[in-house]
Amino acid sequence: MAVVAERTWSDTKTTAATFLDRYEQIGDAPTGRTSLGTELGGNIGAAGPAVSKLGWTTTATSQETAGENGSAANATDNNPYTMWHSKYSSPSSTLPQSLTVDLGNVQRLSGTKYLPRQDGGRGGRIKDYEVSVSKDGTTWTPAVEGTFDWYPTYDKSPGDKNWPMEWSEEIMPFTADVDARFVRLTALSSYVESYASVAEFNVIKAQATLTAPTPLNVVLADDADASKILPGQAVTVRVLDVQPGSSATLKLGSAELGSAVANSDGVVTFAVTIPADAKPGKATLTVTGTDKNGMETSGSLPVTLIDATTAPDTTAPTTTATIDKTPNAAGVYTSAPSVTLSATDDFGIQSTQYMLNSGVWKDYKAPVAIPEGATTFSYRSTDTSGNVEATKSLAEFKVHTAQKAPELSLLIDGSIPGTVKAGKSYEVTVGELLPGSAAELWLHCEPVLLTNLETTASGTATTTITIPAGTKVRAHNLVLRGLNAAGIKTEASFALTVTAGAKSDGGPTADGSVSDGSTPSSSSPSKSTTPETGRSADLAHTGAMIVPWLAGGIMVLLLGTALLVRRRPAGHGKL
């Protein structure tokens, strides 16, 4: 008879039937127990095909190494006489506890198998369990859960650790076939003590064919021409549909060019240089890596290496500029726009640069925000052969995000007066207008157009105006109408007082028919601004001074009439 165990069974109530049943399940114990895995074909008590354990890596949330050899690796060593046991020496680890295996690659699976400890002990016998799977070891999906019944032939309720138990391997079929690389068994509860133990853990291979790996998509960045690659040329290769976080390797023929890791979008970017000694002719860029399903795969891109001495690159790259906003009808941006540059070249782009106004050239790395005011944007690119593109420029940007009304200043000998004389000429300067736009200056009370203006590139204008000689002596407003810096129609007014000019000026004098001879105040004038939808409050009362004159004339007329009527009766009485 073969030796089944090398130590005394701890179960004092084991019957002969139980002993023989156990022997039938696990077979003979080979000498030294070093060849058991080979003898059993790596599929202990298997009821279906098991995944080969070659290349597996086994880990656990805890393992007992002080009180016994209970390491996680024992659960997948094809030896039923060793086992993984969760940590029970101080400080101990309580349930739940997990055992995780990495199969090395993604495979299609249909279930798992659990062989309990075979030394007669009951500690760590799993009761409630869960099996979950993962393709990347990070995102896990439950595959099956359940409860092991180790007392099928006895009426004694579970919990009595002296009662006999079953020793057979349990199959845990998945509800559906899955593609996975990682498999995890979690012990949620146990029959005896709050520990977990596993003699052997097997994974069942599905009968259905595994989903074919997805070829990787390999492309050249910057619109480089795969049919015109120079030895020594710097190129950027992008690989799509890669499992995020996985590594990929790029080769030109048999020469390895480098390795890189996929970003969260599953894209790997290689910035490499074609070997200078690469022979001209047809070649292949090949990438090996892992697809999004976690399966090992590859992808390739045919390229043609050309001889630079016989086919030199003399064509400069082409750069395209895109503006993300649209100006208003006046050609003004009321919110700051940004410019995006994109360059293409058959042999690859070395650099792209931009310049604002007459500043310095800067390397383009991201969309460029255009600053406030008037700005000229220039750009160019250089390819890997050293060809420099002719400088391009966009039409001048006019960016005015602040909604300012136009300002009016009246300059006489460098100061702003509060009075002007009829018939005299003055220099007027206006500002905060839309560069290159037209404006008008009016004099109120009776509206008189004094002049038309054309603003400069800075939005200002200076001109000379003449106060009409016949302008009445009183308060007036000088009104500016035009487009503000944001291209919006606006008005601004400047209050001033017209006084009598000298006779030599041709203006009214200070006699009673025109003026009361009073001297206007020389204090600083007040200014008001109104949008196109309204008028300045100053303009609303500019004709009000006529009323006192009319009232006075009417009173004189009435008084004269009364005197005449009174005198006529007196003369008639003397006759």
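Residues numbered from 1 in each chain as written. Predicted model: local features only at pLDDT ≥ 70, side-chain atom pairs only at ≥ 80, totals over all residues. Heavy atoms only, no water.

1. Considering the pairing of strand β27 (residues 425–431)
Line of reasoning, step 1. The buried count for β27 comes to 5 of 7 residues, which makes it a mostly enclosed element.
Line of reasoning, step 2. In the sheet, β27 pairs with strand β30 (residues 461–466) via 6 bridges, with the strands oriented antiparallel. Looking at the pairing, T429 lines up with T462 of β30. (Buried < 20%, exposed > 50% of the residue type's maximum accessible area, 1.4 Å probe, protein only. Helix = DSSP H or I, 4+ residues; strand = E, 2+ residues; numbered from the N terminus. Pairing = 2+ DSSP bridges.)

2. Concerning the environment of T334
Line of reasoning, step 1. With respect to the secondary-structure elements, T334 resides in the loop between β16 (318–323) and β17 (338–344).
Line of reasoning, step 2. For T334, a relative accessible area of 39% puts it in the partly exposed group.
Line of reasoning, step 3. Along the sequence, T334 and E372 sit 38 residues apart, while their C-alpha atoms lie 9.5 Å from each other.

3. Structural notes on the packing of aromatic side chains
Line of reasoning, step 1. Overall, the coordinates contain 7 aromatic pairs when judged by the stated rule.
Line of reasoning, step 2. The interplanar angle of 65° and the centroid separation of 6.4 Å between the aromatic rings of W140 and F182 together place this pair among those described as edge-to-face. Of this pair, W140 sits in the loop between β4 (128–134) and β5 (141–147) while F182 sits in strand β6 (residues 170–187), and the two are 42 residues apart along the sequence.
Line of reasoning, step 3. Residue W140 is classed as partly exposed on the basis of its relative accessible area of 23%.
Line of reasoning, step 4. One aromatic cluster in this structure is built from Y114, Y129 and F148.
Line of reasoning, step 5. Above the plane of the ring of W140 lies R184, whose end atom (NZ or CZ) is 3.9 Å from the centre.
Line of reasoning, step 6. R380 extends its terminal NZ or CZ atom over the ring of W361, reaching a point 4.0 Å from the ring centre. (Phe/Tyr/Trp six-rings, centres within 6.5 Å; stacked < 30°, edge-to-face > 60°. Lys NZ or Arg CZ within 6 Å of the ring centre and 35° of its normal.)

4. So, the side chain of D383
Line of reasoning, step 1. As for its position among the elements, D383 is in strand β22 (residues 377–383).
Line of reasoning, step 2. Although buried, D383 forms no salt bridge, and the nearest oppositely charged side chain, K228, lies 11 Å from it.
Line of reasoning, step 3. A distance of 2.8 Å separates a polar side-chain atom of D383 from the backbone nitrogen of N387.
Line of reasoning, step 4. In this structure D383 touches D313, T315, A316, P317, D345, G348, I349 and Q350, once residues within four positions along its chain are discounted. (Lys, Arg positive; Asp, Glu negative; His and termini not counted. Salt bridge = Lys/Arg side-chain N within 4 Å of Asp/Glu carboxyl O. Polar contact = N/O pair within 3.5 Å; in protein donor to acceptor, adjacent residues only side chain to side chain. Contact = heavy atoms within 4.5 Å.)

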